[in-house]
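# Structural overview
Spelled out from the first residue to the last, the chains are:
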Amino acid sequence: MQEQFAQNKQHFEFTGKGWEYFRIWIVNLLLTILTLGIYSAWAKVRRLQYFYRNTRLAGASFDYHGTPIAILKGRFIAFGLLLLYNVTLKFNPILGLAIGLLLALVMPWLLMRSLRFKLYNSSYRGLRFGFAGQTRGAYRAFLLYPLIAALTAYLLAPLAHQRIKQYQFDNSRFGNAAFKFNGTVKGFYLIYLSAFAVLVGAVLLAFALARMASPQDMAGSIVIGVLIVGVALLVVSGLFSAYMQNLVWGNTVLGEHRFFSQVSARRLLWVRVSNFAGIMLTLGLFTPFAAIRMLRLQLESMGVESSGDMSGFIADQQQQATAAGEETAEMFDVDISF
Amino acid sequence: MSISPSDDRVAATYYDGRTAAGRVVMLSVSSSDLLLHSETEELRWPLREVHISERLGSTPRLLTYAGGGHCEVGDHAGLERLLDHAGISKGWLDKLQHSLSWALAAMVLIVVAFFAAYRYLLPWGAEVLAMRMPGVVLQQMGSSTLETLDKFALQPSRLDSARQQELRDAFARLKPLPDVQLQYNIIFRSSPGMGANAFALPDGTIVLLDELAELTQDDSEIVAVLAHERGHVERRHAMRMVLQSSAVGLMLAWYVGDVSSLLATAPAIIMQAKYSRDMEREADEYAERTMQFNGLSPCLLASMLDKLEAAHLAARKDAGKLADAGKRDEMTDYLSSHPATQERAASLCPAK
């Protein structure tokens, strides 16, 4: 039984190489600057294609199909909105706030569109992913729950986080197979509470040290206190990312295939800290290497456990028949990350 | 290893786009068609309907057929040979992205592009934008700057209202050049920290400090300085500085990836900013033309510049004795970015 399980355990492989990506990255950067940012849409497609095609599962790679023009349109829209907001906020704060509110109101819809674009334009083994989320659900996940979380002094933030992930995954599909998210609210609370506990512990420790210190050593103990809290924040951010990835992917199912994720928090923290140092020391030239290192760590600690065959998927008939999904998805892309 | 005709076949994985099952096929090119041979069938795709993905590092390349389905090819060298046979050449971008020398050249070009943009494109763009800025924006920026200055740097004027009116009248008698665009309004303040100074806000408000008004007995010298300030406003120097700094801030925010720090506040920029030499020269020329237009001598501005420099040098000497010398030095640095005062005075008043 155990053996059979192990046989069907497939890890993601990431074959991207730092030097290879560096060349693509630097040319992308140059052309983006020379075209005053216009090329950034083409650069994004190349970057994602490089990442997707270097991501392999069960011997086949992923691919990205977004068209630069659609991405460019989305960037123009986003840039225009941001500029409008910032300029009006500067010269007419009340109008600016009104526009900010309006932006918050359309944000869930934009997020839904962005998910649809991203998934529709991703493929594996020649089959497209898809996103069937509706506007109603988007407003519930991206506006209602965050609002509730804010109103309860973030006591319900883990619940809101779980609902967002649920909306994202439960509406995603690959070919005709649906994703299902089984992460419990309890799991989210455990991660949030442990992160909170470590931070509170660090702050208490810092205060205790400050109280023990004699008045002359006050300045020194403040520095040490700030250092303790800073290190704790860094550690917590690493733990949080790692545990969250493990929780989210460990509870995701696609048809009869179950994902798993076992990224080590210690290694994630190390990659993050060394990436930051590398980027600072090389004035940004390390950025492409940093991206490759992080992706390798995150992807290679993930995989799929399946009882069936990875090639058993078939295309979504509805999507093929109407092609309407394609049209609406191609209209524009909005760059919003989670 | 020799290349025999059988090397013109390249192994690939074929996906039909309807199922996730991949099949191993051999690819070859015959006239203008791409052939896919498998154990059971042979597919024929017209090459012009096949999209060939560009090389991206060592990632597999994809041949996508418009009629549905695609092939994944891992054998780069083999595919290159096949494409060479079919007469399909690589694009320039393809070469760029895979050569180390181009990567290094790109690094150098990026630095050059940044420098050129900062030195030439930015001032030009800021000028074009500033000259077209609607009056409402100039007004808002002027009043918010004044508010901030009043809060942190300026004190009420000690001049009595009769003296203030006298100076206002003197300035009102100075006919503006025909192409003048804005309404001007002089307000009076004092500031021991800033010393003898006058500065123009984007909306045409000119702030005249008591310290400057007390520097001379000759009101037409003060008027000359005001004409210089009017040059700054008419040429939108303050607005241009704000736009330039904002653009730099925007770039930095984009690079660092933090959008919350966007748009540094205008008052801070105007307070800290020193006009460039070109801007000072422009304002001097504007003042010169205004003076001549009114039948006044530009030498009035020249002599005022000398007095200002003397006053600031004296202030700096005093400040040197103070403990917080560094701070005061910054505040009294009014003339530091001005082209050497003597040079400016000479150009305004060659006879002297």
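Quick note: structure is the one above.
Values in this document were obtained by computation on a predicted structure and should not be read as measured data.

### Structural notes on helix H3 (residues 40-53) of chain A
Residues and elements named next belong to chain A. Helix length check: H3, at 14 residues, gives a terminal C-alpha distance of 20 Å against a target of 20 Å (1.5 Å per residue), a fit within 8%. Of all 14 residues in H3, 10 are buried; the element is thus mostly enclosed. Among the residues of H3, those classed as buried are Ser40, Ala41, Ala43, Lys44, Arg46, Gln49, Tyr50, Phe51, Tyr52 and Arg53.

### A short note on the sheet that holds strand S4 (residues 42-46) of chain B
Residue and element names in this part refer to chain B. As summarised here, the arrangement of the seven strands in space is S4-S3-S2-S1-S7-S6-S5, forming an open sheet in which the pairing is antiparallel. If you trace the sheet from one side to the other, it starts and ends with S4 and strand S5 (50-52), each paired once. Here the average twist between neighbouring strands, direction ignored, is 30 degrees. Where strand S6 (residues 61-65) and strand S7 (residues 70-73) come together, four bridges link them in antiparallel fashion. Counterpart to Leu63 in the pairing with S7 is Cys71.

### Re the environment of Ala20(B)
Looking at the secondary structure, you find Ala20(B) in the loop between strand S1 (10-15) and strand S2 (22-30). Excluding anything up to four places from it in sequence, Ala20(B) contacts Arg125(A), Leu127(A), Gly175(A), Met310(A), Ser311(A), Gly312(A) and Phe313(A).

### Concerning the nonpolar core
All names here are of chain B. Of all hydrophobic cores here, the largest spans 45 residues; its most connected members are Ala198, Leu208, Ala224, Val225 and Leu301. For this core, the leading source of residues is helix H11 (residues 299-321), giving eight residues. Filtering out sequence-adjacent residues up to four positions away, Val225 remains in contact with Ala198, Leu212, Leu301 and Met304.

Reading guide: rules and limits
- Residues numbered from 1 in each chain as written.
- Chains lettered and ligands numbered in written order.
- Predicted model: local features only at pLDDT ≥ 70, side-chain atom pairs only at ≥ 80, totals over all residues.
- Helix = DSSP H or I, 4+ residues; strand = E, 2+ residues; numbered from the N terminus.
- Expected span 1.5 Å × (residues − 1).
- Buried ≥ 20, exposed ≤ 12 C-beta atoms within 10 Å, placed from the backbone.
- Pairing = 2+ DSSP bridges.
- Axes fitted to C-alpha atoms, helices over the stretch in contact; angles between N-to-C directions.
- Contact = placed C-beta atoms within 7 Å.
- Core = buried A, V, L, I, M, F, W, Y, C linked by C-beta atoms within 7 Å.

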